[in-house]
Amino acid sequence: MANQESDKFVTITVDGITARVPPGTLVIEAARQIGVMIPHFCYHPKLAPDANCRMCLVEIEKIPKLQTSCSTPVAEGMVVKSSVPNVEEARKSVLEFILANHPLDCPVCDQGGRCDLQDFSHEYTPTTGRFKELKRIFPKEYFSPLIETQMNRCIQCLRCVRYCDQVMDVQALAPSGRGTMTEIKHFSIHELDCEFCGGCVQICPVGAITSRLSMYDFRPWMLKRADTICTYCGDGCQITIQTKDNELIEVNSTHGAGRNNGDLCPRGYFGYHASVHADRLNHPLIRQQDGTYAEVTWEDALELIAERFSQIKLAHGADAFGGLITSRCTNEELYLFQKFMRVVLGTNRIDSSARYGHINGIQALRRVQGTHRWTVTYEDIVAADTLLLVGTNITETNPITGLKVKEAVKKQGAALITIESLLPIRGTISNITTLASHHVPVHPDYFGLAVLGLIKSVLEQGLATASLSERAPTFVQSIRSAVGKVPWETVERHLGLGRDTFVEAARTFSQAKRVIILAGQGVLRAPQGSDVVTNLLDLLILTGHHGRPGCGLGTLAEENNDQGAVEMGAVAEYLPGPSELGDQTARKNLSKIWGDEIPQSPGATLMDMLEEARTGRLKAMFIVGENPVATLPPQAKVEESLDGLEFLVCQELFLTETAKRAHVVLPACSYAEKDGTFTNTEGCVQSVRRAMEPIGESRPDWEVFSALSLLMGNPIEYGEAKEIFKEIRSAISGYGLLGPSATPPRIKDEVVDRYLQEGFKTDVEVRYAFEQENTQPDEMLTLASVQSLFHSGKFSTRAKGLLQIQASGFLNVNPVDATRLGLADGDPVRLSNTRGEATTKVKLLDRVPVGVAFFPEHFDQNIRGLFSLETDPQTRVPYFKLTRVRVDRMQEEIPGKG
Amino acid sequence: MKFRDWIKTITFYEILLGMKETIKHLVHYKPITLQYPHEKKPLAENYRGMLALLRYDDGTEKCVGCDLCEAACPSRVIRVISTEVPGEPTKRYAKEYYMDMTRCLFCGLCVQACPVDALGMTREYEWAVYDKRKLHLNKEQLLAIGDRAFPVREKQLEFQHPNVAYFNVSFKDIPEKAN
């Protein structure tokens, strides 16, 4: 035993304190664990040691010269001295050289007050320098609208360059020049064009790289900090919102904080101004006879709503109501909303934006393995041997989960299989397919077919686990026969890739010990989304990975609380839990907690509610933060549905297209102004904290539901958001392990058994059938509405920082297509198909596959008219992300778009 | 002892003793009251009077809006709102500068904290007002005090210390900060 332990740890003494640390630990890290801070600039735990700043020199016994502690691994019995005169003398010299050229403009530098160089200078140097020479001066070059550089302040530690390469895999920055004249530059003559993750700003130990957005608006000691969760995607990054006098100043994230470990994306780092946009609603509004809105008091607005709701309930019954809530709300609000709809109004007609796709993944997970969350965590992604990404475009949609994948591949050497509609070509932003060991480029229509090809290849090569044939022989056989019906020729005709493509990928996948599959928007928001996720789970079962530690499937959520919306029961088919609406024990339990009956009537999903509103069955709707008018394509006839309602209440941050049709509009608080919790895509429930006072008269959504319930004579009252969370914990067993690391649920073996014996039979033929024929004529392109790295929904289009990176939508096409269609970069084009036409501009992008065009879903609403709308027969998810269009060059300029 | 006490009592000795001081003061009368405002006391060499903002010899404000005075002030007199100089991107200045002189202790910490010597303590002290709000001074008022109290101005920083490198300079080729 003793021997074993000493193998695992080595003894090291730093400044007289002895500790045992794992071998391979760097001296600087060991010292940190012991509690000795060794000053450093270029070292950062996320980056490989570079030892260029020489600040971390220490004396190590038996080594004649001073050593850089950031690059020296510990050895048994090592004795390190960090505060002997020798070392202090060395530090003094290092700092004297660094300060020889530093402009000492600390008073005007935004880093002043939180600057490593400032702190160390105060601690380790005399106050005067001996250099009489003139300081080095770099001519200022314009760098970027958001990231400001002051190269005179740079100490050439190259942290930014290494972060950009090692962590972000963007490689936008590089040092140029030699010696003291080394300068951090980007690789072009035009302004910096990169991911704008803000990583270089955050990691710079001095003020050489700062954020232009908040430049000179603050001094660090003035800021009030609140650790909260970002609202832009399902990754659930912890951000620290910093305010000065109730004014948003900046957002950052500390190393080691939250699930993101301090890394952010452009949305998180530069997108914070959306919630303080000047268009924010400040007062409740009531629509007048002439269609204008009058500002009223909360009392008037709420009384009117309560009165009208009560009237409608009396006249038409409870099922004349429908509720729609955005998944950007907190768990508490989602829970209270569904409770309000179910208890006070008495209807199950509730839906949330999880309906746009996330529900597909959850239904598949529940069906096959009985969980509604991932069975893996981000740590498992990093530790995985093989990762399979299907339709994710993860670096743009979920950048921080993408970082975990990058870390697994770049640092841990994991194999990466990508089934993506991207070409593996580097661009200004990172592209996950360039890291793939096996990349299967597919047309966005055919993710399901590619998954089928992979399963087919696994079965053909006999890679399916042997034990499964004993456990569920019919399961394997049915899948074998089902995939057998789709010949390789069909696969090849549609994907352009045959059997050979999948052989290696299937082998890598099957032989790995820890396998994780991530399914993204390309799968979840496209027809048969739920089926493809089920097939991916089948693949895990076939290869024997299902249920093994560190293996599992994750679906990537687009909105920050898609997962929470389903768990809180803010969807038609689930009660909080989520439990099925018909689950008697859950109903009994809930009605005991709520002290009220749960309505019996079946729920109605978003598309059904809109249909019912059109036919006049639905009389009133309560829409919270959701904007179906601008989200769904025109053939969904949302406007018609909403205009037909007797009463429409919208609770919103802005007067959106949907809110403009409401009878009463209530101003709500943004995420920065309220308390609560968000559940991220991996199922980690994290605290959202109020960073600033509510803007105008806006109030947190839950307060409004509570107040309305009181006015309607069925009070559900809470003092603060925490009380609702307490109730959620009592309503959902095993819920809510708040903390930095998520504890994932385990798969339920009885559910898997049931699925393997009987459950799969209902639709195995359908799931593996392939009938789609490629009918794309040559002159048409497949138009895909995709998420941009720089935006999230429509919310972020009000963030001034993000608008400086991307202010409008462009039609991204492959240069090959552009040449074929006679298009050049920046050309105005007309997109047309049988549904209509729209105009935009072309931007060439190498990574877009041939025959496909991408358009960011955040901009230019007229393009929505081109998309087809299809509703999933099972999960009722509306699909409207793909269409075929003709692209023609326009001769004249588009007015107003110069 | 008793006899001496008796003599003192009948001769009113204590009263005479007291009267001696009174008479002495009457004879050697010397007024110490200063007839303010007709007379004024000379001020000490390092007198700390009214605060003022200063300018360089070319008339530009010295203040770079670094907020260090605000941080140094023990009684929260000062409020600085800093931003980019309009038309001179990446150069910092105080867009607004307020001093609430009703709270000021005249301790001079702000003057010591200022890295560019933009603050000065004048020898003005006659600042009694009927309306306290008049003691809430803005940047223009503080500059005006500086103008009348410090007629001799310093040169720009780079002419004083040639080795200050690029301390708060503007760059022509850079667009303004967006708003």
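The structure displayed is predicted, hence computed values, not measured ones.

The rules behind these values
- Residues numbered from 1 in each chain as written.
- Chains lettered and ligands numbered in written order.
- Predicted model: local features only at pLDDT ≥ 70, side-chain atom pairs only at ≥ 80, totals over all residues.
- Heavy atoms only, no water.
- Buried < 20%, exposed > 50% of the residue type's maximum accessible area, 1.4 Å probe, protein only.
- Helix = DSSP H or I, 4+ residues; strand = E, 2+ residues; numbered from the N terminus.
- Pairing = 2+ DSSP bridges.
- Phe/Tyr/Trp six-rings, centres within 6.5 Å; stacked < 30°, edge-to-face > 60°.
- Lys, Arg positive; Asp, Glu negative; His and termini not counted.
- Salt bridge = Lys/Arg side-chain N within 4 Å of Asp/Glu carboxyl O.
- Contact = heavy atoms within 4.5 Å.
- pLDDT = per-residue confidence, 0-100.
- Axes fitted to C-alpha atoms, helices over the stretch in contact; angles between N-to-C directions.

> Kindly report on the pairing of strand 24 (residues 620-624) of chain A, identifying the contributing residues and their values.
Residues and elements named next belong to chain A. Of all five residues making up strand 24, five are buried, and the element is well covered by its neighbours. Residues A620, F622 and V624 of strand 24 are buried on one face, and the alternating residues M621 and I623, pointing to the opposite face, are buried as well. Looking at chain direction, strand 24 and strand 25 (residues 647-652) are connected through five bridges and run parallel. Pairing of I623 across the sheet is with C650, part of strand 25.

> So what's going on with the packing of aromatic side chains? Residues and values would help.
All names here are of chain A. All chains considered together, the criterion is met by 25 aromatic pairs over all chains. For the ring pair F309 and F647, a centre distance of 5.8 Å and an interplane angle of 90° mean the geometry is edge-to-face. Of this pair, F309 sits in helix 8 (residues 298-316) while F647 sits in strand 25, and the two are 338 residues apart along the sequence. Since its relative accessible area comes to 2%, F647 is described here as buried. Each residue in the set F309, F321, F337, F340, F622, F647 and F705 is aromatic and connected to the rest through ring pairs, giving one cluster.

> Describe the side chain of A:E652, with residues and values.
Residues and elements named next belong to chain A. The residue E652 is located in strand 25 in this model. It turns out E652 is buried and unbridged, and the closest side chain with the opposite charge, R798, is 7.2 Å from it. Residues in contact with E652, not counting those within four places in the same chain, are L281, G625, E626, A659, L666, P667 and A668.

> So what's going on with the confidence of the model for chain B? Which residues, and what values?
All names here are of chain B. Overall, the predicted model of chain B reaches an average pLDDT of 91, with 99% of residues at or above 70. At the low end of the mean pLDDT range in chain B sits helix 6 (residues 157-160), at 83; at the high end sits strand 1 (residues 51-53), at 97. Scoring the predicted complex yields pTM 0.93 and, for the interface, ipTM 0.85.

> Can you tell me about the sheet that holds strand 2 (residues 78-85) of chain B, naming the residues and giving the values?
Through backbone hydrogen bonds, the strands of a sheet pair up, either in parallel or in antiparallel fashion. Residue and element names in this part refer to chain B. Overall, antiparallel pairing links the three strands, which are arranged 2-3-5 in an open sheet. One side of each edge strand has no neighbouring strand; the edge strands of this open sheet are strand 2 and strand 5 (136-137). In the sheet, strand 2 pairs with strand 3 (residues 88-100) via eight bridges, with the strands oriented antiparallel. In the strand pairing of strand 3, E84 is matched with R92. Along the sheet face, helix 5 (residues 139-149) touches strand 3 and strand 5 and points at about 85° away from the line of strand 3.

> Break down the pattern of salt bridges for me, with residues and values.
Residues and elements named next belong to chain A. Within this structure, the stated rule accounts for 64 salt bridges over all chains. With a closest N to O distance of 2.8 Å, R130 and E96 form a salt bridge. With a gap of 34 residues between them, R130 in the loop between helix 4 (116-124) and strand 6 (147-149) and E96 in helix 3 (residues 85-101) connect regions that are remote in the sequence. The salt bridge partner of E183 is K185, with a shortest N-O separation of 4.0 Å. Taking the relative accessible area as the measure of exposure, E183 reaches 11% and is therefore buried. For K185, a relative accessible area of 26% puts it in the partly exposed group.

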